[in-house]
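# Coordinates in review
Here is how the chains run, residue by residue.
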Amino acid sequence: MRKVVKFGGSSLASAEQFRKVGEIIRADESRRYVVPSAPGKRFSADTKVTDLLYQCYQAAEKGGAEFQALLSEIKSRYQEIIDGLELSISLEEDFGLIEENFKKQIGEEYAASRGEFLNGKVMADYLGFEFVDAARIIRFDGEGQFDAEMTNRLTRECLKNMEYVVVPGFYGAMEDGTVKTFSRGGSDITGSIVSGALDVDLYENWTDVSGFLVTDPRIIKEPKVIDTITYRELRELSYMGATVLHEEAIFPVRKAGIPINIRNTNAPDDAGTMIVEDTCKKPAYTITGIAGKKGFCSLFIEKSLMNSEIGFGRKVLQVLEEQGISFEHVPSGIDTMTVFIHQDEFAEKEQQVIAGIHRMVNPDYMELESDLALIAVVGRGMRSNRGTAARIFAALAHANINVKMIDQGSSELNVIIGVKNEDFEGAVKAIYDIFVTTQL
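What you see is a predicted model; the values in this text were computed from it and never measured.

### As for the pairing of strand E2 (residues 31-36)
In terms of residue burial, E2 counts as a mostly covered element, since six of its six residues are buried. You can see the chain leave strand E1 (residues 3-7), run along helix H1 (residues 15-26) and come back into E2, and the turn it takes is right-handed. Note that E2 and strand E5 (residues 165-166) share two bridges and pair parallel. Residue pairing in the sheet places Val-34 in a bridge with Val-166 of E5.

### Remarks on the packing of aromatic side chains
One pass over the structure, following the stated rule, counts eleven aromatic pairs. Centroid distance Phe-18 to Tyr-126: 6.3 Å. Interplanar angle 70°. Geometry classified as edge-to-face. Residue Phe-18 is located in helix H1, and its partner Tyr-126 is located in helix H5 (residues 108-127); the two are separated by 108 residues in the primary sequence. An identical accessibility class is assigned to Phe-18 and Tyr-126; each is buried.

### Remarks on unusual backbone geometry
Positive phi, close to 65°, is recorded for Leu-305, a residue that is not glycine. Relative to the helices and strands, Leu-305 is located in the loop between strand E12 (289-302) and helix H10 (312-322). Phi at Asn-362 is positive, roughly 50°, even though this residue is not glycine. Assignment of secondary structure puts Asn-362 in the loop between helix H12 (350-361) and strand E15 (365-378).

### Examining helix H4 (residues 92-104)
Across its 13 residues, H4 extends 18 Å between first and last C-alpha, which sits within 8% of the 18 Å expected from 1.5 Å per residue. Taken as a whole, H4 has its buried residues at Asp-94, Phe-95, Ile-98, Glu-99, Asn-101 and Phe-102. Two residues or fewer after H4 comes Gln-105, characterised by a positive phi angle close to 55°.

Scoring rules and cut-offs
Residues numbered from 1 in each chain as written. Predicted model: local features only at pLDDT ≥ 70, side-chain atom pairs only at ≥ 80, totals over all residues. Heavy atoms only, no water. Buried < 20%, exposed > 50% of the residue type's maximum accessible area, 1.4 Å probe, protein only. Helix = DSSP H or I, 4+ residues; strand = E, 2+ residues; numbered from the N terminus. Right-handed = clockwise from strand over helix to strand, strands pointing away. Pairing = 2+ DSSP bridges. Phe/Tyr/Trp six-rings, centres within 6.5 Å; stacked < 30°, edge-to-face > 60°. Expected span 1.5 Å × (residues − 1).

Right, dumping it as structure tokens:
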């Protein structure tokens, strides 16, 4: 068996955390490919190393005391880990090159990537593994888009004769060697890419929670952990704000049929959450998870005989496209259509959109409503349980919450509910209570 193991920033923030990671890796010889993030916060008021690198790079242009102070702080963070682990590795040469490149202002993405690069070197030395710079194997094309085919080929060629390897997360390089990063949290993606390229048996993603939670712990105290979730369910929940795993990280492993196991570095005996292509395993509850976001508005459009006017919906959405605005959901009736949009994205161009819709489709009536939230109730178990929607709306009615929108796909995998922003937390609590706490 072969596994890729990725460790997040909180798992590698200090020498103490490094030791926990070392024990986890050494406890299972199949954990052969390690993908580390940059050191995260050691305590709540601390600063992540990646953020320090951004600040340092911005100060480099001016030079002087601030730049040197920030660079020294970053050096001390790594030296603290090295000394705590009693290692003999020196990063002086690496920091010398970093200082030189920062002064040359070769790119902010290069600066951001150095946190993972340096942590990868320390991790490889600590474990006795080989170190492979991600810039050698993770490739982006000339337009900055990830090149999966080239990356897979380079990864297989480079790692084929290596038994135990550390590959830093978060970044790769373009063909000319220019460092290119994924979006924040991109170490998850690196772990997934390496897993898919090498066709490993399991991708373990170690973080600071014991798996994927049914809902946001900031709303529900100690919500239940999901033991098994499918890629489709995860995609729905991630899109609506659930953030344990970077939403793009599922694609390379899903294509290869490789499961992901979300684990807790600080509680390694917990089984965590298995993310799989599909499963016969019956979920613990009718729903798998609840996620949502605030900050939407709705544009209600009414026109008689709308249903018989060919191209009506396309024309409305074309107006949004021309203004560079994406939409979230479009529930409709015979003579009505409602478009849900991110409010901050829409606010600056609302009058242009309204005028454009008047020109394109000549509606009878339009109305805007702001300060809305969308909640996704997701679960494969909903397909085999009658009355799921009725229970959702009964719970919301009991909590005196007015539903502004309902949208359910034919897959029966999820129900999207729109409520006012001020009702968001109450709605999540009501739905969690009826399906998980009381299981009515």
